[in-house]
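Structural overview
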Amino acid sequence: MSISTFSLFLIIHSIMSPIHASSSFSKPTSSDGLCDITPYPDFCNSEMPQNKSTNIYDYGRLSIQKSLSTSQVILSAINRYLHSGSSSQSQTTIFALQDCKILLSSNVDLLSSVAGIIKDRDALQSSQYDDLETWLSATITSKQTCLEGLYAVSSAWAIANGLSPSLANGTMLCSVSLALVKHGWQSGGGSVNITKVVVVNPDGSGNYTTINDAISAAPNNTQAGRGYYLIHVVAGVYQEYISIASNKKYLMMVGDGINQTIITGNHSVGDGWTTFNSATFAVVAQGFVAVNLTFRNTAGAAKYQAVAVRNGADLSTFYNCSFEGYQDTLYTHSMRQFYRECDIYGTIDYIFGNAAVVFQLCNMYSRLPLQGQFNTITAQGKTDINQNTGTSILDCNILAATDLSLSNATVQTYLGRPWKNYSTTVYMESFMDSLINPAGWAAWSGDFALSTLYYAEYNNSGPGSNTANRVTWPGYHVITSASAVVNFTVSIFISGDFWLPATGVPYIGGFLYA
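The following paragraphs examine the structure supplied in this document. No experiment lies behind these values; they were computed from the predicted model shown.

**Topic: the state of the cysteines**
Counting across every chain of the model gives two disulfides. Through a disulfide, Cys35 is tied to Cys44; the S-S separation comes to 2.1 Å. Taking the sign of the S-S torsion, about -65 degrees here, the bridge from Cys35 to Cys44 comes out left-handed. Like Cys44, Cys35 is buried. Taken in N- to C-terminal order, the disulfide-linked cysteines of the protein chain are connected 1-2, 3-4. Free of any disulfide, Cys396 has its nearest neighbouring cysteine sulfur in Cys362, separated by 4.7 Å. With a relative accessible area of 1%, Cys396 lands in the buried category.

**Thoughts on the packing of aromatic side chains**
The relation between two aromatic rings is expressed through the spacing of the ring centres and the mutual angle of the planes. As enumerated under the stated definition, the model contains 22 aromatic pairs in all. Measuring from centroid to centroid gives 5.6 Å for Phe374 and Tyr414, while their planes differ by 85 degrees, and the two rings are edge-to-face. Taken together, the residues Phe374 in the loop between strand 18 (363-366) and strand 19 (375-380) and Tyr414 in strand 22 (residues 413-416) connect sequence positions 40 residues apart. Classification of Phe374 by relative accessible area gives partly exposed; the value is 33%. Aromatic rings pair up to connect Phe281, Phe288, Phe295, Phe318, Phe323, Tyr339 and Phe359 into one cluster. Cation over ring: Arg367 sits above Tyr326, and NZ or CZ is 4.3 Å from the ring centre. Here the basic side chain of Arg417 rests over the ring of Trp444, its NZ or CZ set 4.0 Å away from the ring centre.

**Thoughts on the nonpolar core**
Across soluble globular proteins, nonpolar side chains show a tendency to be buried alongside one another. In this structure, Met253, Phe359 and Met364 are the most contacted members of the largest nonpolar core, which totals 57 residues. Elements supplying a minimum of two residues to this core: strand 1 (194-200), helix 8 (211-217), strand 2 (228-233), strand 4 (242-244), strand 5 (251-254), strand 7 (281-283), strand 16 (348-353) and strand 17 (356-360). Once residues within four sequence positions are removed from consideration, Phe359 is found in contact with Leu330, Thr332, Tyr339, Ile344, Ile351, Met364, Thr391, Ser392, Ile393, Leu394 and Cys396. Cys44, Tyr59, Val426 and Met428 belong to the second-largest nonpolar core, a separate cluster that totals 43 residues.

**Observations regarding the pairing of strand 18**
Taking every second residue as pointing to the same face, both faces of strand 18 are buried, with Asn363 and Tyr365 on one and Met364 and Ser366 on the other. Relative to strand 18, strand 15 (residues 343-346) is paired through four bridges, and the arrangement is parallel. Following the sheet pairing, Tyr345 is matched in strand 18 by Tyr365. With four bridges connecting them, strand 18 and strand 21 (residues 397-400) associate as parallel partners. In the sheet register, Asn363 faces strand 21, and the bridge partner there is Asn397.

**A word on the sheet that holds strand 16**
An order of 4-7-10-13-16-19-22 is seen for the seven strands of this open sheet, with the pairing classed as parallel. The outermost strands of the open sheet, each flanked by one partner alone, are strand 4 and strand 22. Here the strands of the sheet are splayed against their neighbours by 10 degrees on average, with no regard to which way each runs. For strand 7 and strand 10 (residues 309-311), the ladder comprises three bridges, and the chain directions are parallel. If you follow Val283 over to strand 10, its bridge partner there is Asn311.

**Observations concerning the environment of Tyr57**
Among the structural elements, Tyr57 can be located in helix 4 (residues 56-84). A sequence separation of 62 residues divides Tyr57 from Lys119, and the C-alpha atoms of the two residues are 9.3 Å apart.

**Observations regarding the side chain of Ser142**
Along the polypeptide, Ser142 turns up in helix 6 (residues 126-151). Setting aside anything within four residues of it in sequence, one finds Ser142 in contact with Leu103 and Asn107.

**A short note on the environment of Asp314**
By secondary structure assignment, the location of Asp314 is in the loop between strand 10 and strand 11 (316-319). Remark: the alpha-carbon pair of Asp314 and Ser246, spanning 68 residues in sequence, is separated by 9.8 Å. In this view, Asp314 contacts Gln286, Gly287, Met335 and Arg336; residues no more than four positions away in its chain are not counted.

Conventions we followed
Residues numbered from 1 in each chain as written. Predicted model: local features only at pLDDT ≥ 70, side-chain atom pairs only at ≥ 80, totals over all residues. Heavy atoms only, no water. Disulfide = S-S within 2.5 Å. Buried < 20%, exposed > 50% of the residue type's maximum accessible area, 1.4 Å probe, protein only. Phe/Tyr/Trp six-rings, centres within 6.5 Å; stacked < 30°, edge-to-face > 60°. Helix = DSSP H or I, 4+ residues; strand = E, 2+ residues; numbered from the N terminus. Lys NZ or Arg CZ within 6 Å of the ring centre and 35° of its normal. Core = buried A, V, L, I, M, F, W, Y, C linked by side-chain atoms within 4.5 Å. Contact = heavy atoms within 4.5 Å. Pairing = 2+ DSSP bridges. Axes fitted to C-alpha atoms, helices over the stretch in contact; angles between N-to-C directions.

If you want it as structure tokens, here you go:
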């Protein structure tokens, strides 16, 4: 079954408000494709870098910055005309220039506001998107009004001719910016094709009363591009152990919000389960998407390894989800994975595995461990030097959970430790609070993997980000150039531009601050 654009919008908007569906636009990844959606494709191509890995968000931000710079240059020129020629110019010319100053000053303010809004987020609430569209539209009108006002005064024609090229370029830049924002941010990350929606509600009012029943009923082996089978799990606590097999491809599971729709279990190594099979929720089906859900393992710190989610699904995405446990909370086992605006709670190795995985705009909360234990956020498991795997933590917050922050106990917390020989983990543009030990990283056992691992920190902030007293292992690196770690960004490390747009989940292809 195919769902109409309007019906799809209502469904998505009502149960997953951060994501909006668009039936007609999927963001291209080449500069030519991006510029084709603007009114001035040739001009756009001349202004934008020819970088096929760049996505619409990167182009939108760049075009806004160029628009802002151009407006500032024009404003400076107007001020020079006013200051240098006030005695020789007619009063009507001065009035026209003063109008231009007001208009271009407004443009600078508006474009600065737009740049600030789109710097931090890809998806916008509808009111924010309306603001951007309105403000960018106004910048185009202001430049046109300035030029028309100058040409309306015969004595100002020479000035108008001098400003005309810059105003024309500025107008086209604002027009390009408007088109990129309209097609990129409005859709919240891309078009979402939903083939069927089913509802899970224990009270019997939905299609199914358990999540497992809904998964069993889902079609097998859906091909990429054919659309998602969407399972809406209404608010409630679901005490189910869920394993989504490889033949249940392209499922989208949407809850009613973190701490509203909760999937919980308590299997642990302490109670005889293996780490692998202790997961409350496990998935290996390609193309899985989860939104607005909490995944919990309540075994507690005393039960040792106890996994909330084990993910071995290629091209899988978790958006606005929470993962709660202690040791080994989130098992990023294998394949390509993306986590956006998620919360991860734990103590020892609470993000571990050997996937190619990027965490973006997420919060890592270290909890209070057992007495005598220390916290390690990551334990990456790369075993072969040629594997394309690693853990990339980008634009995230590294924080203490409430129980740790309120405790009087002395607990050492580290960014990670090398589980396997070629352990690969990078922290980039992230905020690290004071809980991080000055050494930053912990050894696994003696000098194991210290010369073969790759650990890196780039452009982080916060009291825990000071690298002056970090470990001096051969495999540890303090990076000062974005080019040295660009391979760990979404666009490159997990080829996000090729598959994330179809999920509707927002993402930033490169760096926010580089």
